[in-house]
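# Summary of the model geometry
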Amino acid sequence: MIDEYPVLAIAAAFAEGETRMRGLHELRVKESDRLAAVADGLAAAGVTCRIEGDDLIVTGEGSAPRGGGMAATHLDHRIAMSFLVMGLAAREGMSVDDGAMIATSFPDFIPLMQRLGATIEGI
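Everything quoted here is computed from the prediction, not taken from an experiment.

Each value, and the rule that gives it
Residues numbered from 1 in each chain as written. Predicted model: local features only at pLDDT ≥ 70, side-chain atom pairs only at ≥ 80, totals over all residues. Heavy atoms only, no water. 1 Å grid on protein atoms, 1.4 Å probe; cavity = no way out; pocket = protein on both sides within 12 Å on 5 of 7 lines; lining within 4 Å. Points joined across faces, edges and corners; volume = space filled by probe spheres on them. Helix = DSSP H or I, 4+ residues; strand = E, 2+ residues; numbered from the N terminus. Salt bridge = Lys/Arg side-chain N within 4 Å of Asp/Glu carboxyl O. Buried < 20%, exposed > 50% of the residue type's maximum accessible area, 1.4 Å probe, protein only. Patch = residues over 30% accessible without salt bridge, like charges linked within 9 Å, V, L, I, M, F, W, Y side chains within 5 Å. Areas by Shrake-Rupley, 256 points an atom, 1.4 Å probe, with all protein chains shown as cover.

Here we take up the layout of surface pockets. As a volume, the largest pocket reaches approximately 270 Å³. Together, 19 residues line the largest pocket, and L84, M94, S95, T119 and I120 are the ones closest to its centre. Elements with a minimum of two residues in the lining of the largest pocket: α3 (77–89) and β5 (95–96). Looking at which element gives the most residues to the lining of the largest pocket, the answer is α3, with three residues.

Here we take up the pattern of salt bridges. This model, assessed by the stated rule, comprises 11 salt bridges. Of the charged contacts in the structure, one is a salt bridge between R78 and D3, with a shortest N-O distance of 3.1 Å. Of this pair, R78 sits in helix α3 while D3 is found in the segment before α1 (5–14), placing the two residues 75 residues apart along the sequence. A relative accessible area of 17% places R78 in the buried class. Ionic pairing is found between R22 and D55, a salt bridge with its closest N-O pair at 3.7 Å. With R22 in the loop between β1 (16–21) and α2 (34–44) and D55 in strand β3 (residues 55–61), this pair connects stretches of sequence that are 33 residues apart. Using a relative accessible area of 12% as the deciding quantity, one classes D55 as buried.

Now for a nonpolar patch on the surface. A surface patch of nonpolar side chains, about 320 Å² in accessible area, is lined by L88, F106, L112 and L116. Within the secondary structure, L116 sits in the segment after α5 (109–115).

Here it is as structure tokens:
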């Protein structure tokens, strides 16, 4: 389930209370440190979170997070798609620094998001 943790962290941002995802070392050793990238993106969206060892702890307020931040993707399509999904439901939309790699793994993602009401430009 390693690839699903970025979007699970987004879901946790909307939940109420603390969500602890344990043993995420594998997120640190792929193409980039996805654990740090997810935490940084959540922080940019106004979500309280922290990393303890290889655990990600996300504290949700039980409502839509502020959003409005820029998530650095580190050229990872999972990070890009997760934060664009967050932007669809957050109080303010989210931006990503690069989304070109999304087409490689999910070519219909941008049109699908646009049909759901997302405004996605420059990708």
